[in-house]
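Okay, here's what each chain looks like letter by letter:
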Amino acid sequence: MIAALTIAVVAVQQSQDGSESRSATPVSGSTTMDAGFGDPTPEPEPEPEPEPTGLAGVWWSSEGGGIEFVEAGAGRYTARARDVCGDTITAEFSGGGDTYSATAPAYDMSSGSCGEVLGQVRTTITIGEDGDTASVTREMASTVREGVTCYTCTPFTLTRAS
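We now turn to the structure provided with this report.

What counts and how
Residues numbered from 1 in each chain as written. Predicted model: local features only at pLDDT ≥ 70, side-chain atom pairs only at ≥ 80, totals over all residues. Heavy atoms only, no water. Salt bridge = Lys/Arg side-chain N within 4 Å of Asp/Glu carboxyl O. Helix = DSSP H or I, 4+ residues; strand = E, 2+ residues; numbered from the N terminus. Disulfide = S-S within 2.5 Å. Buried < 20%, exposed > 50% of the residue type's maximum accessible area, 1.4 Å probe, protein only. Pairing = 2+ DSSP bridges. Axes fitted to C-alpha atoms, helices over the stretch in contact; angles between N-to-C directions. Core = buried A, V, L, I, M, F, W, Y, C linked by side-chain atoms within 4.5 Å. Phe/Tyr/Trp six-rings, centres within 6.5 Å; stacked < 30°, edge-to-face > 60°.

Quick word on the pattern of salt bridges
Right, on to step 1. The final tally for this structure, using the stated rule, is five salt bridges.
Right, on to step 2. Its salt-bridge partner being R138, residue E63 comes within 3.1 Å of it at the nearest N-O pair. Of the two residues, E63 sits in the loop between β5 (57-61) and β6 (66-73) while R138 sits in strand β11 (residues 133-143), which places them 75 residues apart along the sequence.
Right, on to step 3. One salt bridge in this structure joins E116 and R145, with 3.5 Å as the shortest N-O distance.

Structural notes on the state of the cysteines
Right, on to step 1. Counted under the stated rule, the structure contains two disulfides.
Right, on to step 2. C85 shares a disulfide with C114; S-S distance 1.5 Å. Across the S-S bond of C85 and C114 the torsion is about -110°, and the bridge reads as left-handed. With C85 in the loop between β7 (76-82) and β8 (88-96) and C114 in the loop between β9 (99-107) and β10 (117-127), this pair connects stretches of sequence that are 29 residues apart.
Right, on to step 3. Overall, the relative accessible area of 31% leaves C114 in the partly exposed class.
Right, on to step 4. Bridging C150 to C153, the disulfide has an S-S length of 1.9 Å. Since a negative S-S torsion denotes a left-handed disulfide, the C150-C153 link at about 90° is right-handed.
Right, on to step 5. Within the protein, bonded cysteines paired by disulfides and numbered along the sequence follow the pattern 1-2, 3-4.

What to know about the sheet that holds strand β12 (residues 156-160)
Right, on to step 1. Pairing within the closed barrel is antiparallel, and its eight strands lie in the order β5-β6-β7-β8-β9-β10-β11-β12. Averaged over all neighbouring strand pairs, the angle between strand axes comes to 35°, with direction disregarded.
Right, on to step 2. With three bridges joining them, β5 and β12 adopt antiparallel strand pairing. The partner of S61 across the bridge, within β12, is L158.

Focus: the nonpolar core
Right, on to step 1. Judged by nonpolar contacts, the single largest core of 15 residues is most densely connected at L55, F69, F93, I125 and L158.
Right, on to step 2. Listed by contribution, the elements that provide at least two residues to this core are β7, β8, β9, β10, β11 and β12.

A closer look at the packing of aromatic side chains
Right, on to step 1. The full count for this structure, using the stated rule, is two aromatic pairs.
Right, on to step 2. Ring centres of F69 and F93 lie 5.5 Å apart, and the angle between their planes is 80°; on these two criteria the pair is classed as edge-to-face. Pair noted here: F69 is in strand β6 and F93 is in strand β8, with a separation of 24 residues, a long-range link. With respect to burial, F69 and F93 carry one shared label: buried.
Right, on to step 3. With centroids separated by 5.4 Å and ring planes inclined at 90°, the aromatic side chains of Y77 and Y100 adopt a geometry described as edge-to-face. Highlighted residues: Y77 in strand β7 and Y100 in strand β9, separated in sequence by 23 residues.

Below, the structure is given as C-alpha cells:
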C-alpha cells in the first residue's frame, strides 16, 4: 500500500567509497515520507444500516394490508390487528431464530357474525433466508368439539416494508 508514512530514523551517512557509517545519534523527531497521493488518513467507512432482525418492523401481507411488529422482549413481538369479529386485538408472537407463533380464538362464523369460541388458531410465521419475506400458516391448535374446521387457515406471505 502506498501512503504517507511517519517513521523514526537513524541517520545514515554514506562515504564516497560506498560503505556506510552509522551515527550513534538518532535523529530526533520523525520524518514524513509522502508518496504524493494526498491525505494519508483513510476516509471512515459509512456505518451500514442495521439489518432488521426477527419480526420487528412493518410487513405487507399478500392478503392485503400491513402489520407492524414491535419487539416486546427477547424472542417476543406484539402486533395490533383486527380479528374476524372486527375487534382490535394485540397478538403476542414468541419464538426464536426464524420462527414465531401466536394463538387466537377461533369463532363460529356460521351465522355470518361472531358466535361462540370454537377453539384456538395457531399462526406461525417463518422468516425466509433473505430476512425480507416470511411464510405464514394458520392451523387449529385446539377445538371445543370434533368436526370444527378452520376456513380462514390458508397460508399467505409477508414482505418486509421497513
